[in-house]
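# Topology and contacts: notes
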Amino acid sequence: MPNPTSGHPAALGPVTAGVPKKIRPAKFSTLSKPGVAAVAAPPKPEFSFSLKPREIARHLDRFVIGQSEAKKVLSVALCDHFQHVRMTREGLAAPYYQKQNVLLLGPTGVGKTHLIRSAAELIGVPFVKADATKFSETGYVGGDVDDLVRDLHRRAGNDAKKAEHGIIYLDEVDKLATREQGAGRDVSGRGVQTNLLKLMEDGDVPLTSPNDMTGQLQAAMAAMRGGGGAQPETVNTRHILFIVSGAFSGLADLIRRRLVAAPLDPKNPKPEKNSDDELFQRVSTADLIQYGLEPEFIGRLPVRVACHGLDTDDLFDVLRKSESSLIHQYERAFAAYGITCEFRDDGLRRLAERAAGEHTGARGLMTVCERVFRDLKFRLPSSRVKQFAITAELVDNPAAALQKLLRSAAR
Ligand SMILES: Nc1ncnc2c1ncn2[C@@H]1O[C@H](COP(=O)(O)OP(=O)(O)OP(=O)(O)O)[C@@H](O)[C@H]1O
Ligand SMILES: [Mg+2]
C-alpha cells in the first residue's frame, strides 16, 4: 500500500522547479501576536490566495497530460473554496456557503492523485492523502478517519490554523461501497462513510487520538497541572476541502444498464455502445447509491468529474511532454554514472504502445521501462559505454541492444 501521507512523488525531481514565474504558491503568514511591538508594515493577511481557475489549469497542464475536464472542474472548485476561505479569514463571512468537496472518478494510473498533489503544491496548502481502505469504523483495526485531520495538522507543521484550510485526499472510496453483490467492502465501509460525514461538513477533531495512550496521558497531566480546566486543542474541518477518488470498477455497467432502460435519448441513441469513459461522464447520484455509497456521503460531494483512460498517444505525451515524465528519472539515474541516454521519439512511442497494453494507465510506463532498462541499468555503469539512444529497436530487444553497446565500447 502506498505511503498514505507521502510527499509529492517528484519532490526530488523536476516538479520542485514546478511553479511558473508568474504563479507563486500562496504564502502563509500568521498575524503578529498581541503584545509584540507594532511595526510600520501593514499586517499581512492570515491567508492569501489570488489564483484564478485558468492559472491553476495551466499549471496542471505542465505535469498532467489530458484530463482537461477534470482540470477545469478542479480549478474552479479549488478557486471557489480558497477564495471563500480567504474572504472568511478577512472577515467577510458567508453563512450559507456550501463546501465544494470533489469526487474524482476514473481508472487506475490516469493522473487523479497527480492532479491533486500538483494543485495542492501550487496553492501551498497542507495536503494529506490516504486510502479509504485503511480505516475501520471503530478505529481499533486500521485507523480512525479523525487521524486524517491529525496527519494534516502534522503536515501543517503543527499549526492548527494552517491545517484548518488544508486538503484531505481520500483515495479508493469505491472500496467503502457496501454492495450486496460483487467485491464491495463489508458493513464497516458504511460506518467509515458515516464517520466521514461530520468531518466533511464541520467537525472539531481533538489533536490527541483516543487510541493514543501517550497523548492521552500527556493531555491528562497537562489538565491536572492546569487545574483540570484545560481543553484539548482541536482542528475545525469547516474549511478543509475533501477530495475523494476511486476507480469504481463495475460502475460503468450500472450506468449502461440505466441508460439502456431509460427512454431513448436522441443525443445518445445507442448507450449500449458507449465506452466506459463516456459512461463515467454520465454518472448520477442514483448510480453511486446503487453502487453502494450512502446518499448522505455522496450528497456531500457535489462536484463530480471523471478522468478518462490514457491511450497510446496520451502515454507518448506523458513521456515526451510532462515535466514529471519518467524519462527524467532515467536520464538522471544514468547521468549519475556519467552516461548520457537520449530518448528518441520512436523509442518513446514503442514504450507508450507497450504501456497501453498493460491497462494500468501511466503506471504501465513504469512497468514497461523497468523491464526494458533492467539489464542496461545493471551492466552499463561498469562498462565503458558513455552514451546510448533509446530507440524502438532497443525497446523491442534490450538484450541484443545491450550486447551491441558493450561490444562497440570494448573495441
Ligand atoms: N495524465 C497524466 N499525465 C502525466 N503523468 C501521469 C498521468 N497519469 C498518471 N501519470 C503518472 O503516473 C503516476 C501514477 O498516477 P496517479 O498516481 O495520478 O494515478 P491515479 O489516477 O491516482 O491512480 P490510482 O487510481 O491507481 O490511485 C503519476 O505519478 C504520474 O507520474
Ligand atoms: Mg491515486
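Described below are features of the structure shown in this document. A quick note: this is a predicted structure, and the numbers were derived from the prediction, not measured. (Residues numbered from 1 in each chain as written. Chains lettered and ligands numbered in written order. Predicted model: local features only at pLDDT ≥ 70, side-chain atom pairs only at ≥ 80, totals over all residues.)

### With respect to the site of ligand 1
How we decide: Nearness rests on one distance test: the residue's C-beta atom, set from the backbone, must lie within 6 Å of the molecule or strand. Strands are runs of DSSP state E lasting at least two residues, helices are runs of H or I lasting at least four, and both sets are numbered from the N terminus onward. Residue polarity follows a fixed list, in which Ala, Val, Leu, Ile, Met, Phe, Trp, Tyr, Cys and Pro are nonpolar, Asp, Glu, Lys and Arg are charged, and the others, Gly among them, are polar. Either an automatic procedure or a domain database provided the assignment from which the domain bounds are taken.
Close to ligand 1 lie 21 residues; Gly-111, Lys-112, Thr-113, His-114 and Ala-362 are nearest. If one sorts the elements of the shell around ligand 1 by residue count, helix α3 (residues 112-123) sits on top with three residues. Here the residues of the shell around ligand 1 are counted per class, giving eight nonpolar, ten polar and three charged. Looking at which domains feed residues into the shell around ligand 1, each of domain 1 (14-202 + 237-306) and domain 2 (312-410) gives three or more.

### Side note on the pairing of strand β3 (residues 167-171)
Here is the rule: Partly exposed residues are those whose C-beta has more than 12 but fewer than 20 other C-beta atoms within 10 Å; 20 or more makes a residue buried and 12 or fewer makes it exposed, with C-beta atoms placed from the backbone. Strand pairing follows a simple DSSP-based rule, namely that at least 2 bridges must link the two strands.
Across the five residues that make up β3, a large majority, five, are buried. Neither face of β3 is left uncovered, since the one carrying Ile-167, Tyr-169 and Asp-171 and the one carrying Ile-168 and Leu-170 both have all their residues buried. Here β3 pairs with strand β6 (residues 241-246) via four bridges, running parallel. The residue of β6 that forms the bridge with Tyr-169 is Ile-243.

### Let's talk about the environment of Ala-410
Tracing the backbone through its elements, the reader meets Ala-410 in helix α17 (residues 398-410). When the C-alpha atoms of Ala-410 and Val-385 are compared, they prove to be 8.5 Å apart, with 25 residues separating the residues in sequence.

### Focus: the packing of helix α15 (residues 363-379) against α17
Here is the rule we go by: Interaxial angle, 0 to 180 degrees, is taken between N-to-C directions of lines fitted to C-alpha atoms, where a helix line uses only the stretch in contact. When an angle is under 35 degrees it counts as roughly parallel; over 145 it counts as roughly antiparallel; between 65 and 115 it counts as roughly perpendicular; any other value is oblique. Crossings are assigned a handedness: left-handed for a near helix turned anticlockwise from the far helix by less than a right angle, right-handed for a clockwise turn. Distance between backbone-placed C-beta atoms decides contact: two residues are in contact if it is within 7 Å.
Interhelical geometry of α15 versus α17 gives an angle of 25 degrees and a closest axis separation of 9 Å. On the basis of their axis angle, the class for α15 and α17 is roughly parallel. Relative to α17, α15 is oriented so that their crossing is right-handed. Contacts from Val-372, Asp-375, Leu-376 and Arg-379 of α15 reach α17 at Pro-398, Ala-399, Leu-402 and Leu-406. Its residues assigned to classes, the contact of α15 with α17 shows six nonpolar, no polar and two charged.

### Quick notes on the sheet that holds strand β2 (residues 127-131)
The strand order across the open sheet built from five strands is β2-β3-β6-β1-β7, with neighbouring strands paired in parallel fashion. Two strands close off the open sheet at either side, each with one partner strand: β2 and β7 (303-306). With strand direction ignored, the average angle separating the axes of adjacent strands in the sheet is 15 degrees. Where helix α2 (residues 68-89) meets the sheet, it contacts β1 (102-105), β6 and β7, and its direction lies at approximately 160 degrees from that of β7. Against the sheet, helix α4 (residues 146-155) makes contact with β2 and β3, and its axis sits at roughly 145 degrees relative to β2, the strand it touches most.

### Observations concerning the environment of Thr-391
Considering the arrangement of structural elements, one finds Thr-391 in the loop between β9 (387-390) and α16 (392-396). Setting aside its immediate chain neighbours within four residues, Thr-391 contacts Arg-344, Asp-346 and Gly-347.

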